[in-house]
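# Report on the structure
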Amino acid sequence: MDHQLNFVICYLHYHQSGLIFIGSIMQQSKLEWDESLLAKYNISGPRYTSYPTALEFTENYQTSDYLMCLNGLPADQSLSLYIHIPFCQNICYYCACNKIITKHKSQAEQYVDNLMKEIRLVAAEVGDNPLRQIHWGGGTPTYLSIEQICAIMHAIRESFEVPDEESTEISIEIDPRAIHIEDIKHLAKLGFNRMSMGVQDFDIKVQKAVNRVQSFEMTRDMIIEARKYGFKSINLDLIYGLPFQTKHSFEQTLKLVVEISPDRISVFNYAHLPHRFKPQRRISSNDLPTAVEKLSIFQYIIENLQENGYLYIGMDHFAKPDDELAIAQKEGCLHRNFQGYTTHEEYQLIGVGVSSIGSINGHYHQNVRDVEPYYKALDNNRLPSWRGVKVNGDDLLRKRVIFDLICHFELDMAKVDQEFNIDFEHYFATELAMLKPFIEDKLVGLTERTIQVSNRGRLLIRNICMVFDAYLNELHTINSFSKVI
Ligand code: SF4
């Protein structure tokens, strides 16, 4: 399919409910930019890495329920493991993550010991299920030494059934400032084959203002090295809306990013919330780009990346057409979890380490956020549970609808009817009526049996998904999330 074409066939007819339906057959995924619509719909909303979102997790959730889920997994059910390393050597002023800033590397030793203990505890509950995906996130996973990473990988292989390395995706978030280039080779030897790297901006003035100075050469060399050792699906993270950024300065950053040619690019919107995130108090709001400038940077990113052959996957993510994410989207098997988009819908997710979240058989489970209670629980041979939620039938149905829309920009009502034994138009009559303004603004097209998000609606996918979210009835709930643009 030629992704540079932007071909839409529309037709109108009246449905028996009286709603006007606009059917559209989209043969292309190039985004359309409509500034007035972006301004109109730019409210706060969830990023839908789960449904229900983490706001619905409760401390009343019983660890015994989670254990039952782990024990009850069918033997052929594949697993995905998320490992959280909370340490960072330096603070980035824009940071809103759960992390521990320390230059005392010895602090990590106790954490590594406890992490391995948790891995063994949790693995003992799941039997021989194959572990096919491992993701290391943080914080900064490469804060740990290669020896510590090796010890943890060894504990994983000892405790879980890990099939051959070729077919197991093992990814790691890299901070090029916190790793020696020769360690890339060691990571490859340990089985790592995917990588994501934070950049944010290559402009030195911006980098100094956010306390993250990282040269283009350092980033480029790290990626060249990673490719040499067989890493695939290499991702770079960028942020727009940082202090001193202008469209002009970001043009240069993007030129350098395109020169490096990562397989994936994530572009996040900086939300300045100094009352909630202490490090952000080091950023003066006077230095931030105006709303107009920020929007023009965002528009430039979208147009430039598409011109350079990247496809918009959705929700801040771009990928080359031959990348696994783009292929999964084309084949209809893209999914979402706490790491963003993922290619394996069917895997059950186990989280280890402080604040990590797992998703097993319709249960969400989150570990405690701080190291002290984490160590204490493991000292007592208990899982370090904090909170969770057991989803109900309505949650599962709405999750299916929201994830289909956010991953594929379309929904087949007939399939949902069949899977959940409902009459979609009847069950979601209120929600379909709430879609009317989106239809009038040509963000959404409806045929009798499909919902399709148009190319101008894709940037506003969070708003469209929010229509189907049963928990978003309170304004304070909505305001707990970031702006959609
Ligand atoms: S942005 Fe990442 S590297 Fe920077 S302080 Fe936060 S977690 Fe650490």
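What you see is a predicted model; the values in this text were computed from it and never measured. Note on numbering: residues in each chain are counted from 1, in written sequence order. Note on the predicted model: pLDDT of at least 70 is required for a residue's local features to be given, and 80 or more for side-chain atom pairs to be given and counted; whole-chain, interface and lining totals, by contrast, use all residues. The basis for every side-chain value is the complete set of non-hydrogen atoms in the structure, without hydrogens or water.

### Details of the overall build of the protein
Secondary structure summary: the protein contains 18 helices and 21 strands in total. Taken against the 2.2 N^0.38 rule, which gives 23 Å for 485 residues, the C-alpha radius of gyration of the protein at 22 Å falls within 12% of a compact globule. Counting every position in the protein, which comprises 485 residues, the buried fraction comes to 56%. Whether two residues are in contact is decided by their heavy atoms: any pair within 4.5 Å suffices. Looking at the protein alone, contacts between residues at least 24 apart form 72% of all its contacts between residues at least 6 apart. The Shrake-Rupley method, run with a 1.4 Å probe, gives the accessible areas here. Residue values count only the displayed protein chains as cover. Of the accessible surface of the protein, which amounts to about 21,100 Å², a share of 50% is contributed by carbon and sulfur atoms. We treat Lys and Arg as the positive residues and Asp and Glu as the negative residues; His and chain ends play no part in the count. Throughout, a charge is located at the NZ atom of Lys, the CZ atom of Arg, the CG atom of Asp or the CD atom of Glu. In the protein, the 48 positive side-chain charges and the 62 negative ones have mean positions that sit 5 Å from each other. Strands here are runs of E lasting at least two residues and helices are runs of H or I lasting at least four, both read from the DSSP assignment and numbered beginning at the N terminus. Based on C-alpha atoms, the radius of gyration is set beside the globule rule, defined as 2.2 Å times the residue count to the power 0.38. Whether a residue is buried, partly exposed or exposed follows from its accessible area with a 1.4 Å probe, protein chains only, as a fraction of its type maximum: under 20%, in between, or over 50%, in that order.

### Side note on the packing of aromatic side chains
Stacked, tilted and edge-to-face are the three classes assigned to paired rings of Phe, Tyr and Trp, where Trp is represented by its six-membered ring and a pair needs centres within 6.5 Å; plane angles under 30 degrees give stacked, over 60 edge-to-face, the rest tilted. What the rule picks out here adds up to 18 aromatic pairs. With a centroid separation of 5.7 Å and an interplanar angle of 20°, the aromatic rings of F57 and Y364 are classed as stacked. Here Y364 lies in strand β17 (residues 363-367) and F57 lies in the loop between α1 (35-41) and α2 (63-71), a separation of 307 residues in the sequence. Taking relative accessible area as the criterion, F57 reaches 7% and is therefore assigned buried. For Y364, a relative accessible area of 3% gives the class buried. With centroids separated by 4.7 Å and ring planes inclined at 45°, the aromatic side chains of F424 and F428 adopt a geometry described as tilted. For the pair F424 and F428, one class covers both residues: buried. One aromatic cluster in this structure is built from F87, Y111, Y143, Y374 and Y375. Only Lys NZ and Arg CZ are tested; either one counts as a charge over a ring when it is within 6 Å of the ring centre and within 35 degrees of the ring normal. In this arrangement the basic side chain of K105 is found over the ring face of Y143, its NZ or CZ atom lying 4.5 Å from the centre. Just above the ring of W386 sits the side chain of R387; from NZ or CZ to the centre is 4.1 Å.

### Remarks on the pattern of salt bridges
Only one rule defines a salt bridge in this text: a Lys or Arg side-chain nitrogen within 4 Å of an Asp or Glu carboxyl oxygen. Taken as a whole, this structure holds 19 salt bridges when the rule is applied. Residue R398 pairs with E431 through a salt bridge whose shortest N-O separation is 3.1 Å. Separated by 33 residues along the polypeptide, R398 in helix α12 (residues 393-408) and E431 in helix α15 (residues 429-434) bring together distant segments of the chain. For E425, the salt bridge goes to R449, with nearest N and O atoms at 2.7 Å. You can see E425 sitting in helix α14 (residues 424-427) and its partner R449 sitting in the loop between β20 (444-446) and β21 (450-453), a full 24 residues away along the chain.

### Some remarks on the site of the ligand
As a structural note, the neighbourhood of the ligand is formed by C88, N90, C92, Y94, C95, G139, T140 and R212. The classification used treats Ala, Val, Leu, Ile, Met, Phe, Trp, Tyr, Cys and Pro as nonpolar, Asp, Glu, Lys and Arg as charged, and all other residues, Gly among them, as polar. Across the shell around the ligand, the residue classes tally to four nonpolar, three polar and one charged. Any residue with at least one heavy atom within 4 Å of a molecule or strand is counted as near it.

### Remarks on the pairing of strand β16 (residues 357-360)
Of the two faces of β16, the one carrying I357 and S359 and the one carrying G358 and I360 are both buried. Only strands joined by at least two bridges in the DSSP assignment are considered to pair. In terms of strand pairing, β16 meets β17 through four bridges, oriented antiparallel. Across the sheet, G358 pairs through a bridge with H365, a residue of β17. Between the antiparallel neighbours β16 and β17 lie two residues, among them N361 with a positive phi of about 45°.

### Concerning the sheet that holds β21
As summarised here, the arrangement of the three strands in space is β19-β21-β20, forming an open sheet in which the pairing is antiparallel. Across the chains shown, the open sheet's two edge strands, defined by having one partner strand only, are β19 (410-412) and β20. Across the sheet, the mean angle from the axis of one strand to that of its neighbour is 15°, orientation sign disregarded. As paired elements, β19 and β21 share three bridges and run antiparallel to each other. Paired with E410 across the two strands is Q452, which belongs to β21. Seen against the sheet, α12 touches β19 and β21 and runs at an angle of roughly 135° to β19. To obtain an axis, a line is fitted to C-alpha atoms, over the contacting stretch when the element is a helix, and the angle between two such axes runs from 0 to 180 degrees between their N-to-C directions. Here helix α13 (residues 413-420) sits on the sheet in contact with β19, β20 and β21, set at roughly 50° to β19.

### Re the environment of F216
In this structure, F216 sits in helix α7 (residues 216-228). Note: C-alpha distance between F216 and A96 (120 residues apart in sequence) is 24 Å.

### What to know about the side chain of E169
Mapped onto the elements, E169 comes out in strand β7 (residues 169-174). One buried charge, E169, has no salt-bridge partner; the nearest side chain with opposite charge is R194, at 4.1 Å. By the criterion applied in these results, polar contacts are pairs of N or O atoms within 3.5 Å in which, for protein atoms, one can donate a hydrogen and the other can accept it, and in which residues neighboring in sequence qualify only through two side-chain atoms. A polar side-chain atom of E169 sits 3.1 Å from a polar atom in the side chain of Q133. Not counting the four nearest positions on each side in its chain, E169 is found in contact with R132, Q133, I134, N193, R194, E324, T343 and H344.

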